[in-house]
Amino acid sequence: MWMYVAFAASVLIGAATLWLNPKDVDSAFGSILLLQMFAASSGFAGSAARGYFDPILAGGRSRNRIAMGSLVASTLPGVAAWLIIVLIAAALGHAGTALTFHRFVALILVSTIAWAGGLALPRMAAGGLWAFVLLTAALSRGAVADYLVVVQSPPAGVHDALASAAAFAICPYLLLGEFPAARDPIVVGADLCVVLTVAWSGFRYIGRREYSLVEPI
């Protein structure tokens, strides 16, 4: 419940920020991405081991449908908050910025990676580990400089495009800016391939794993 409260507070703060400075869409999006890192990491395996999903796991339903339901349920609050910010930005005359595709890719990356990474971990653990990695990188000036050099110019070739895509996948917050690499179709396509690969891995994990359907004695 507190996560819903946090998303609601983030939307209110984002709305106030946009009211004062309609161009500052990325600040509103940034707080939602941070919360989504934790919210999407729902810890499916732990809940399944406790028997919370026994009715659906033992009900003969497709494991792919169960995985899709887990992904949607885990990411829906953040997606809803994001869309509300988009509507507010559009109402204030900045729909073009809020609807830029690479910003949606940032949300998709965070949602999918946090969900898949959290399947085998305790609830919100994947988000915490990811946040720790980003904080460590932020405290290392050299790492931040390397990221910025990669994304500050359009990729000159496939190698540069893949490097930019990797930087965005590790730190999707970079997609909230107006870096030239974020608008390159090869970079965006590579990041979407990352999303599909990670989602496939999550679906495969849920589909192949055996869950105990009774409490251990």
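Refer to the structure above for everything that follows.
Note that this is a predicted model, so its numbers are computed, not measured.

## Structural notes on the environment of Ser111
(1) Moving on: As for its placement among the helices and strands, Ser111 is situated in helix α7 (residues 101-117).
(2) Moving on: Given the relative accessible area of 6%, Ser111 is considered buried.
(3) Moving on: Dropping the residues within four chain positions of it, Ser111 is found in contact with Gln36, Ala40 and Thr75.

## Examining helix α11 (residues 185-208)
Residue pairs spaced three or four apart in an α-helix point in one direction, given the helix's 3.6 residues per turn.
(1) Moving on: In a regular helix each residue adds 1.5 Å, so 24 residues correspond to 34 Å; α11 covers 34 Å between its end C-alpha atoms and thus fits that length.
(2) Moving on: Looking at α11, one finds that the buried residues are Val187, Val188, Ala190, Asp191, Val195, Ala199, Gly202, Phe203 and Ile206.
(3) Moving on: By the N-cap criterion, in which a side-chain oxygen at the helix start approaches the backbone nitrogen of a residue two or three places on, α11 is capped by Asp184, the distance to Ile186 being 2.9 Å.

## Quick notes on the side chain of Thr75
(1) Moving on: Within the secondary structure, Thr75 sits in helix α5 (residues 63-91).
(2) Moving on: Setting aside residues up to four positions removed in sequence, Thr75 forms contacts with Gln36, Ala40 and Ser111.

## Regarding the pattern of salt bridges
Note on pairing: side chains with opposite charge can pair once their charged atoms come close.
(1) Moving on: According to the stated counting rule, one finds three salt bridges in the structure shown.
(2) Moving on: The partner of Arg103 in a salt bridge is Asp26, with the nearest N and O atoms 2.7 Å apart. Separated by 77 residues along the polypeptide, Arg103 in helix α7 and Asp26 in helix α2 (residues 25-39) bring together distant segments of the chain.
(3) Moving on: Given a relative accessible area of 1%, Arg103 falls into the buried group.
(4) Moving on: Taking the shortest distance from any N to any O, the salt bridge between Glu178 and Arg103 comes out at 2.7 Å. Here Glu178, found in the loop between α10 (158-170) and α11, pairs with Arg103, found in helix α7; they are 75 residues apart in sequence, far enough to count as distant.
(5) Moving on: Relative accessible area serves as the criterion here: at 45%, Glu178 is assigned to the partly exposed category.
(6) Moving on: Salt bridges sharing common partners tie together Asp26, Arg103, Glu178 and Arg183.

Cut-offs applied
- Per chain, residue numbering runs from 1 following the sequence as it is written.
- Reporting in this predicted model follows two pLDDT cut-offs: at least 70 for local features of residues, and 80 or more for side-chain atom pairs to be given and counted; totals over whole chains, interfaces and linings ignore these cut-offs and use all residues.
- With hydrogens and water excluded, all non-hydrogen atoms of the structure serve as input to the side-chain values.
- Helix and strand assignments follow DSSP, with helices taken as H or I runs no shorter than four residues and strands as E runs no shorter than two, numbered in order from the N terminus.
- Type-normalised accessible area, obtained with a 1.4 Å probe on protein chains alone, sets the label of each residue: buried when under 20%, exposed when over 50%, and partly exposed for intermediate values.
- Two residues form a contact once any of their heavy atoms are found within 4.5 Å.
- Expected helix span is given by 1.5 Å per residue-to-residue step, counting one fewer step than there are residues.
- Any N or O atom pair separated by 3.5 Å or less is treated as a polar contact, with the protein-specific requirement of one donor-capable and one acceptor-capable atom, and with residues adjacent in sequence counted only for side-chain atom pairs.
- The salt bridge definition used is simple: a Lys or Arg side-chain nitrogen within 4 Å of an Asp or Glu carboxyl oxygen.

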